[in-house]
Amino acid sequence: MVTFVSAGVIGLSMGAQYALIAIGFTLIFGILGVVNFAHGGFYVLGGYLAFTLSHVLGVPFVAAIVLATIATAAIGYVVEIVLVEKYVVDHLATMLITLGFYQILITAIVVFYGAEPMDFSFPITGSLRSGGIFVPYSNLIVFVVCGAAIAAVYWLVYRTRYGIALRAMADDGPVARSQGIPPATMFPMAFAIATGLAGLTGALVTPMLALDPHVGEGVLLKAFVVVILGGMGSIPGAMLAAFIVGLTEAYASVYLGGSKGALVLFVLVLVILLVRPQGIFGTEARKA
Amino acid sequence: MSILSIESLFVRYGGITALNGVSVEVRQGETVLLIGSNGAGKSSLINAVTGLVSTSGGRILFEGRDLAGIPSAARSRLGIGYSPEGRRVFRSLTVRENVLSSTLGLSRAAAEENFAWACSIFPLLAERAGQPANQLSGGEQQIVALARAVSTLPKLLLLDEPFLGLAPVWIDRISDAIRELQRRGTTILMTEQMARPALKLVDRAYVMRGGEVRRSGDVAEIREEALAEEYL
């Protein structure tokens, strides 16, 4: 029972991380129709910015995370306007553009920082031990911060008029435009929110896991899995799927061994998609 | 005084000409109908005014201002309300959110005031405010689409086939709602294939076929024209 609870807490912490990444990924897809292959790059960028601010410039860790989040959001805003906006209706072009930006970003990081992992560690160590339950403080902090960020995004998207406009744009872009919702404002803002979330996750999580130029690739793959499982473009779907993935990984790792976690996860995803091809909250599935 | 002047408008989709030099005028306070069968060019004309399709010739003047180069969202903010063909409500949004979606350019207080105004015309909105739009019937969705279009108190309301696919009881209800909007001074340009109920609502009509205006005049003239039999 103790192991079950400990693994559950770690699974929830992982799920919260995946949710933040996947919400951003699905937000961009839902509103712009763009599959953002650079999303993992913004995760990496958030990590390197937080590392530079806290470990090189001596900025307090909390301030470094906040600044890294703002910076990745701002860079995302500019990337949308400069690179994506003009080709937003061309899905293939935007895939290639975001993939190209990812390659440039990662190459730049390798040039400036090298290809080796950074010595970037979470400033708070130790674990919560209670009644045999063992949970690292870092996991708890990440869970709380990610949870707060998820709640903030939920409030923005479902409780504000800006969120109504975002969802209207995702629902039917041309009609939304005809109702006075300007894509020139909404698209870069949505991109900035999404990349800011990726940057926040990177800044928070890389000191706990690892920081090297290629950690974004696994993150992008995980975001794909979560978003497809939840239903492309669905924010509630991404949230639920992220926690399913996080908990599955955690329990499979504990009870079946680390290497079997990914296997169990992909089998589970395959089974769910066989039963519900459009994902948990998806509304359409293409039939052969 | 003319609020909308469409002068020799051309719209082409690739090699297909959807509008071939169409001219239409809508004066302040009147309701004008475009009638014609599928492919006549009615929706292309409406979509050209909203900015959702590009024009390849001619001019659209709204309150004397040429709309060329003005994006669709900005046209809405100039005072052009739009209820699209097939309703196209935002299916994942609630009824209230659908109506508020068009008020992004207004202050929160003004948006709430306009929502209350829309509820006074369409009581259904208050009753179903929290219900997702995809759970509504076609007639109810048409009410939501109408309310969304008028919630910014537009100077000109574009109604694209508001009776499409509706049962007679809902055609009567939508007609009543349009009359209420007329009483409140709304200028309307509407399209419809079902000319019989539509002609009861309008001051003037244009008969379209093959992307061109074939006849125009007041309702009595159009009704008497032999052409009208095609559409009645």
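Now for a look at the structure at hand. Since this is a predicted model, take the numbers as computed values, not measurements. (Residues numbered from 1 in each chain as written. Chains lettered and ligands numbered in written order. Predicted model: local features only at pLDDT ≥ 70, side-chain atom pairs only at ≥ 80, totals over all residues. Heavy atoms only, no water.)

1. What about the side chain of threonine 191 of chain B?
Residues and elements named next belong to chain B. Let me state the cut-off plainly: Helix numbering and strand numbering both begin at the N terminus, where a helix is a DSSP run of H or I of at least 4 residues and a strand a DSSP run of E of at least 2. Polar contact criterion, stated in full: a pair of N or O atoms within 3.5 Å, where within protein one must be able to donate a hydrogen and the other to accept it, and residues adjacent in sequence count only if both atoms are side-chain atoms. Contacts are residue-level and defined by heavy atoms, with any inter-residue pair within 4.5 Å sufficient.
Examined against the element boundaries, threonine 191 turns out to sit in strand E8 (residues 187–192). Within the local environment of threonine 191, its side chain forms a polar contact with the backbone nitrogen of glutamate 161, the two atoms lying 2.9 Å apart. Once you skip the residues sitting within four places of it in the chain, threonine 191 turns out to touch Leu33, Leu34, Lys42, Ile46, Leu159, Asp160, Glu161 and Pro162.

2. So, the sheet that holds strand E9 (residues 204–209) of chain B
Within a beta sheet, neighbouring strands are joined by backbone hydrogen bonds and run either parallel or antiparallel to one another. All names here are of chain B. To keep it simple, the criterion reads: Strands qualify as paired when DSSP identifies two bridges or more between them. To obtain each axis, a line is fitted to C-alpha atoms, and for helices this fit is confined to the stretch in contact; angles are then taken between N-to-C directions over 0 to 180 degrees.
In space, the six strands of this open sheet follow the order E6-E7-E8-E3-E9-E10, with mixed pairing throughout. Two strands close off the open sheet at either side, each with one partner strand: strand E6 (80–83) and strand E10 (212–218). Taken over all neighbouring pairs, the strand axes of this sheet differ in orientation by 15° on average, direction set aside. The sheet contact formed by strand E7 (residues 156–160) and E8 spans five bridges and is parallel. Following the sheet pairing, leucine 157 is matched in E8 by isoleucine 188. On top of the sheet, helix H6 (residues 138–150) reaches E6 and E7; it is set at about 170° to E6, its chief contact.

3. A short note on the environment of alanine 116 of chain B
Residue and element names in this part refer to chain B. Put simply, the rule is: A simple rule labels every residue: compare its accessible area, found with a 1.4 Å probe on the protein chains alone, to the largest value its type can have, and call it buried under 20%, exposed over 50%, or partly exposed in between.
Mapped onto the secondary structure, alanine 116 falls in helix H4 (residues 108–121). A relative accessible area of 46% means that alanine 116 is categorised as partly exposed. Separated by ten residues in sequence, alanine 116 and alanine 126 have C-alpha atoms that sit 8.5 Å apart.

4. Describing the interface of chain B and chain A
Quick reminder of the rule: Summed over both partners, the accessible area (1.4 Å probe) lost when two parts come together is defined as the buried area. A pairing counts as a salt bridge when a side-chain nitrogen of Lys or Arg comes within 4 Å of a carboxyl oxygen of Asp or Glu. Amino acids outside the nonpolar list (Ala, Val, Leu, Ile, Met, Phe, Trp, Tyr, Cys, Pro) and the charged list (Asp, Glu, Lys, Arg) are all regarded as polar, and Gly is one of them.
Opposite the 24 residues of chain B that make contact, chain A presents 19 residues. Of all residues in chain B, the largest losses of buried area upon contact with chain A belong to Arg88, Phe90 and Leu104 of chain B, amounting jointly to 28% of the total for that side. The tally of links from chain B across to chain A stands at two salt bridges. Going through the elements one at a time, helix H2 (72–78), helix H3 (95–100), H4 and H6 of chain B are the ones with two or more residues in the side of chain B that touches chain A. Among the elements that line the side of chain B that touches chain A, the one with the most residues is H2 of chain B, at four residues. A per-class count over the side of chain B that touches chain A returns eleven nonpolar, seven polar and six charged.

5. Describing the packing of helix H1 (residues 2–32) of chain A against helix H5 (residues 137–159) of chain A
Residue and element names in this part refer to chain A. Defined as follows: Should an angle fall under 35 degrees it is taken as roughly parallel, and over 145 as roughly antiparallel, whereas 65 to 115 is taken as roughly perpendicular and any remaining angle as oblique. Here a crossing is taken to be left-handed if its near helix is turned anticlockwise relative to the far helix by less than a right angle, and right-handed if that turn runs clockwise.
At a minimum axis distance of 9 Å, the contact between H1 and H5 shows a crossing angle of 40°. As the angle between them shows, H1 and H5 are arranged oblique. The way H1 lies across H5 gives a crossing that is left-handed. Counted together, Val9, Ile10, Leu12, Ser13, Ala16, Gln17, Ala19, Leu20 and Ile23 of H1 and Asn139, Leu140, Val142, Phe143, Cys146, Ala149, Ile150 and Val153 of H5 form the full contact between these two elements. Here the residues of the contact of H1 with H5 sort into 14 nonpolar, three polar and no charged.

6. Quick look at the layout of surface pockets
To find leftover empty space, one rolls a probe the size of a water molecule over the atoms. Residue and element names in this part refer to chain A. Using the following cut-off: Using protein atoms alone on a 1 Å grid, points that fit a 1.4 Å probe yet trap it form a cavity, whereas open point sets bounded by protein on both sides within 12 Å along at least five of seven lines form a pocket; residues with an atom within 4 Å of a point count as lining. Grid points are joined across faces, edges and corners, and a volume is the space filled by probe spheres set on the points.
Of the volumes computed, that of the largest pocket is approximately 1,300 Å³. Along the wall of the largest pocket there are 35 residues; nearest its centre are Met232, Gly233, Ser234, Phe281 and Thr283. Listing elements by their share of the lining of the largest pocket, those giving two or more residues are H1, H5, helix H6 (161–171) and helix H10 (235–256). Top contributing element to the lining of the largest pocket by residue count: H1, with five residues. Tallied by class, the residues present in the lining of the largest pocket amount to 16 nonpolar, 13 polar and six charged.

7. Considering the environment of arginine 148 of chain B
For arginine 148 of chain B, the position within the fold is in helix H6. Along the sequence, arginine 148 of chain B and valine 99 of chain B sit 49 residues apart, while their C-alpha atoms lie 4.1 Å from each other. Excluding its chain neighbours within four sequence positions, the residues that come into contact with arginine 148 of chain B are Val175 and Gln179 of chain A together with Pro84, Arg87, Arg88, Val89, Phe90, Asn98, Val99, Ser101 and Ser102 of chain B.

8. Focus: helix H9 (residues 215–230) of chain A
All names here are of chain A. Basically, it comes down to this: One less than the residue count of a helix, multiplied by 1.5 Å, gives the span that helix is expected to have.
The end-to-end C-alpha distance of H9, which contains 16 residues, comes to 23 Å, matching closely the 22 Å that a straight helix rising 1.5 Å per residue would cover. Among all positions in H9, only Val215, Gly216, Val219, Leu220, Lys222, Ala223, Val225, Val226, Val227, Leu229 and Gly230 are buried. As for H9, its buried residues are in contact with H1, helix H2 (39–56), helix H4 (91–113), H10 and helix H11 (260–275).

9. Brief notes about the pattern of salt bridges
Inspection of every chain in the model, using the stated rule, returns 14 salt bridges over all chains. The shortest N-O distance in the salt bridge between glutamate 249 of chain A and lysine 222 of chain A comes to 2.8 Å. Residue glutamate 249 of chain A is found in helix H10, and its partner lysine 222 of chain A is found in helix H9; the two are separated by 27 residues along the sequence. Pair check on accessibility: glutamate 249 of chain A and lysine 222 of chain A agree, each one buried. In this structure, aspartate 176 of chain B engages arginine 179 of chain B in a salt bridge whose closest nitrogen and oxygen atoms are separated by 3.1 Å.

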